[in-house]
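Structure assessment
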Amino acid sequence: MTGKTITEKIIDLHEPTKLSKGGLAVDVDVLLTHDVCGPPTIGYFKQEFGEKAIVFDREGVVIIPDHYIFTKDETAGRNVDVLRQFVKEQELPYFYDKGTKNYKGVCHVALPEEGHVGPGMMIIGTDSHTCTHGAFGSFAMGVGNTTAAYILGSGHIIMNIPESLKFNFDGFLPEYVSGKDVILRVIGDIGTDGADFKSMEFAGDAISALSLEERATICNMAIEAGGNGIIAPDEATRAYVERFGSAWLMKNSDRIEELFSLQSDDDAKYLKVLNYDAEKLEPMVALPHSPGNVKPVRECEGARMDSVYIGSCTGGKSEDFLMAAQILVNGGREVKVPLYIVPATNKVVHYIENKKIGDRTLKEIFENAGANMDSFYQPSCAACLGGPIDTYGRINNQPNHFRASTTNRNFPKRMGSGNIFLVSPMTAAATAMKGTLCDPRVYVR
Amino acid sequence: MAGNIITGIAYVLGDKVDTDQIIPADRLTWDPSKPEERLKLGSYAFDGLPDEYKKVCPFIREDEREAIAQGKSKARYNIIIAGRNFGTGSSREHAANALGAAGIEVIVAKGYARIFFENCVATGEVIPATSMEYLADKFKTGDEVEVYVENGYIFNKTQKIKYEIEPLGYILPMVKAGGLFAFAREENLILPKGEGSNAMTIPGIGGSLFSLD
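These notes cover the structure that comes with them. (Residues numbered from 1 in each chain as written. Chains lettered and ligands numbered in written order. Predicted model: local features only at pLDDT ≥ 70, side-chain atom pairs only at ≥ 80, totals over all residues. Heavy atoms only, no water.)

**Comments concerning the overall build of chain B**
Across its full length, chain B carries nine helices and seven strands. Scaling as 2.2 N^0.38, a compact globule of 213 residues should have a C-alpha radius of gyration of about 17 Å, and chain B matches this with 18 Å. Principal-axis analysis of the C-alpha atoms places the extent of chain B at approximately 60 × 40 × 30 Å. Counting all 213 residues of chain B, 61% fall into the buried class. Considering only contacts in chain B between residues 6 or more positions apart, those separated by 24 or more positions represent 63%. Approximately 8,300 Å² of chain B is accessible, and the part contributed by carbon and sulfur atoms is 50%. Seen as two clouds, the 24 positive and the 30 negative side-chain charges of chain B have centres 4 Å apart. (Helix = DSSP H or I, 4+ residues; strand = E, 2+ residues; numbered from the N terminus. Rg over C-alpha atoms; globule rule 2.2 N^0.38 Å. Buried < 20%, exposed > 50% of the residue type's maximum accessible area, 1.4 Å probe, protein only. Contact = heavy atoms within 4.5 Å. Areas by Shrake-Rupley, 256 points an atom, 1.4 Å probe, with all protein chains shown as cover. Lys, Arg positive; Asp, Glu negative; His and termini not counted. Charge placed at Lys NZ, Arg CZ, Asp CG, Glu CD.)

Given below as structure tokens:
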């Protein structure tokens, strides 16, 4: 008998039941939704299960409005009201409401920060970047509203077990290479459908050496290759979850050791194993208009950029700003083009205000460099996906605008209009100082 | 399932048409669970395509939008022919809803992104069929087409050429049922429509409802 991948083991832990006409029904631990997809999910839930139906598990539903928050758009406002009403009806404990002390920001950064994520879970969300949470050793993926409504009332998902691809990174990453460069390289290699319907397992010394936030960057963009990402839990996962994972720890107190020891078996079956020498990786960029259109930054240096954007679930976490600030400090110059700073969550805001490099906080470093901080206290998805016309950082009707961005997608008109170059926070900071696409290694000491 | 044979006019697209192009983010404030807002989404289907493409070959013209939003008419095309990785990107089910609301009945593409594919099937809005060979460079927008979903072929009436499409395979039962909820009811996984959720039938068990008779 062959061994199993961690993906197969996690599904096994969730009472998979074979259906007569094919597919498996698999229990779900957490259903995550937000202000864009929450209202239709709730609408379908009521239409299908009834006005008085109750959700599968009150503590299993996490609602984090984050997409269209700082906008005057009235329909966007109405959608948050729909969430509020539902939370009240169902008495849901985990709702991070806009305009309150409880507001957090971008759902994929807030979900682990607020304690909902640990290893061994089935986490399903109405957002394609739900795959982020595979970084914590869970099976995590995005679904549409109908599937989410179905889970909300039934507690399970109908799915097939995905085959796994393994990405092994031996050795250690150079200082100027981050998780973002790793995942861009992988997407460039396998293409935007290279992992369609597949589980992408990342392993090796270089991955083990990464922080959980950097691992989250990698798993976040697995969907850009069509898959979900997963990294087996280790000591670093444990340290993170023991510090932040209150809800997970409470729920799994009787099987903590079992879940932290989840690993793929040595003889597990993979569709393909790709090996990388981590030391040879370099800063990468995805050129417009596909995340799979990837090249080393050094081959594209000198391309004019009109603005730089640091934010989103991919590139707006605490360490993303630390990496960017370090490059600004090393470069010691002001930005030549607008540099938009959009923290993902309030915890990230707090970090930027308090974390120091030398005697200056990251906030002071960004301010001194001349970054645009107008939306600093408004953590949200902001312009990553364009959004309503009054969204901060949105590129309105400028088809010839060129932007370097730490976000995850550069589809046509993704940020409103213009041409998006997906880069790491370090490359973003170096580029902002130079005004043209810039390999950050010149600023790494 | 919208009949075994779907006849109509093709709208042809290339590779990697992402869900932002099918329905852009500035339209996502509409809630597709409300019938009138689902129709509004339909009236902006493919509004995110590159401008140069829209100019030459719009899916919906400006002067057609209002009637589609009011449910009085549909787009002139009811069949999409596309290349690889159709529906890549965002999980927004609004994309499948927009296509269904605009009158698209079937897509014949060389491949799909998982979430979009599942959304087409779960909603029952559109049938996502897969062509054996690459058709995006063989078909032209405006071609008259017949799609024989269960028999597994597509006939281009304009060009008088027949191509094979893959069997629907594991999604066939759900497509036949008309979507995820109908399929789950056939499998006795949930109660009849409107009669409550699983947590109500087996208190305390939450999602595990397989003891339901």
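Next comes the rest of the write-up.
**Some remarks on the overall build of chain A**
If you tally the helices and strands in chain A, you get 16 helices and 19 strands. Computed over C-alpha atoms, the radius of gyration of chain A comes to 21 Å, within 12% of the 22 Å expected from 2.2 N^0.38 for 445 residues, which places it in the range of a compact globule. Viewed in the frame of its principal axes, chain A has a C-alpha envelope of about 60 × 55 × 40 Å. Counting all 445 residues of chain A, 69% fall into the buried class. Considering only contacts in chain A between residues 6 or more positions apart, those separated by 24 or more positions represent 74%. As presented, chain A carries roughly 15,000 Å² of accessible surface, and 47% of it is formed by carbon and sulfur atoms. Separation of charge centres in chain A, based on 45 positive and 57 negative side chains, amounts to 4 Å.

**Describing the packing of helix α8 (residues 212-220) of chain A against helix α13 (residues 318-331) of chain A**
Two packed helices can be described by the angle between their axes and the distance between those axes. All names here are of chain A. One can describe the packing of α8 onto α13 by two numbers: an axis separation of 8 Å at closest approach and a directional angle of 100°. As summarised for this structure, α8 and α13 are arranged roughly perpendicular, according to the angle between their axes. The segment α8 lies against α13, with E213, E214 and T217 engaging S318, E319, D320 and M323. (Axes fitted to C-alpha atoms, helices over the stretch in contact; angles between N-to-C directions. Parallel < 35°, antiparallel > 145°, perpendicular 65-115°, else oblique.)

**A closer look at the side chain of A:H129**
Residue and element names in this part refer to chain A. As for its position among the elements, H129 is in the loop between β5 (122-125) and β6 (139-142). Since its relative accessible area comes to 3%, H129 is described here as buried. A distance of 3.2 Å separates the side chain of H129 from the side chain of N408, its partner in a polar contact. If near-sequence neighbours (up to four positions away) are discounted, H129 is found in contact with H108, N220, I223, E224, C313, N408 and R409. (Polar contact = N/O pair within 3.5 Å; in protein donor to acceptor, adjacent residues only side chain to side chain.)

**Description of the packing of aromatic side chains**
Scanning the entire structure with this criterion turns up 27 aromatic pairs over all chains. When the ring of A:F169 is compared with that of A:Y276, the centres are 4.8 Å apart and the planes differ by 10°; the resulting orientation is stacked. Note that A:F169 is positioned in strand β8 (residues 163-170) and A:Y276 in strand β11 (residues 272-277), a separation of 107 residues in sequence. Arranged with centres 5.9 Å apart and planes meeting at 40°, the rings of B:W30 and B:Y44 form a pair that is tilted. Of this pair, B:W30 sits in the loop between α1 (19-22) and α2 (35-43) while B:Y44 is found in the loop between α2 and α3 (51-56), placing the two residues 14 residues apart along the sequence. What makes B:W30 buried here is its relative accessible area of 14%. Aromatic rings pair up to connect A:F45, A:F49, A:F86, A:Y150 and B:F181 into one cluster. The positively charged end of B:R27 is found above the aromatic ring belonging to B:Y44, 3.7 Å away from the centroid. Over the aromatic face of B:Y153 sits the side chain of B:K162, whose NZ or CZ is 4.2 Å from the ring centroid. (Phe/Tyr/Trp six-rings, centres within 6.5 Å; stacked < 30°, edge-to-face > 60°. Lys NZ or Arg CZ within 6 Å of the ring centre and 35° of its normal.)

**What to know about the interface of chain A and chain B**
Taken together, the contact between chain A and chain B spans 61 residues of the former and 64 residues of the latter. A per-residue breakdown of the area chain A buries against chain B is headed by A:K21, A:E48 and A:F197, which together make up 13% of the total. Here chain A and chain B share seven salt bridges between them. Close ionic contact of A:K21 with B:E186 constitutes a salt bridge, the shortest N to O distance being 2.9 Å. (Buried area = accessible area lost by both parts, 1.4 Å probe. Salt bridge = Lys/Arg side-chain N within 4 Å of Asp/Glu carboxyl O.)

**A closer look at the pairing of strand β2 (residues 79-82) of chain B**
All names here are of chain B. Residues of β2 alternate between two faces, with I79 and I81 on one and I80 and A82 on the opposite face, all of them buried. Alignment of β2 against strand β3 (residues 106-109), held across four bridges, turns out to be parallel. Of the residues in β3, the one forming a bridge with A82 is A109. The parallel pair β2 and β3 is bridged by helix α5 (residues 94-102), and the resulting crossover is right-handed. (Pairing = 2+ DSSP bridges. Right-handed = clockwise from strand over helix to strand, strands pointing away.)

**Let's talk about the pattern of salt bridges**
For the coordinates displayed, the defined rule picks out 41 salt bridges over all chains. Note that A:E242 and A:R238 form a salt bridge whose closest N and O atoms lie 3.0 Å from each other. With a gap of four residues between them, A:E242 and A:R238 both fall in helix α9 (residues 235-244), about one helical turn apart. Given a relative accessible area of 46%, A:E242 falls into the partly exposed group. Residue classification places A:R238 among the buried residues on the basis of a relative accessible area of 18%. As a salt-bridge pair, B:E118 and B:R114 come within 3.0 Å of each other at their nearest N and O atoms. With B:E118 and B:R114 both in helix α6 (residues 114-123), this residue pair falls four residues apart, about one helical turn. A relative accessible area of 9% means that B:R114 is categorised as buried. When salt bridges with common partners are traced through the structure, they connect A:E282, A:R298, A:E299, A:D439 and A:R441 into a single cluster.

**What to know about the sheet that holds strand β4 (residues 61-63) of chain A**
All names here are of chain A. Pairing is parallel across the open sheet formed by four strands, whose spatial order is β4-β3-β5-β6. A strand with exactly one partner marks an edge of an open sheet, and here the two such strands are β4 and β6. This sheet shows a mean twist of 20° between the axes of neighbouring strands, independent of strand direction. Across three bridges, the pairing between strand β3 (residues 30-33) and β5 is parallel. Bridge pairing links L31 to I124 in β5.

**Details of the sheet that holds strand β1 (residues 17-18) of chain A**
Residue and element names in this part refer to chain A. Spatial ordering of the open sheet is given by β1-β2-β7, a layout of three strands whose pairing is antiparallel. What marks the edges here is a single partner per strand, and that holds for β1 and β7 (156-159). In this structure, strand β2 (residues 24-27) lies alongside β7, joined through four bridges in antiparallel fashion. Paired with D27 across the bridge in β7 is H156.

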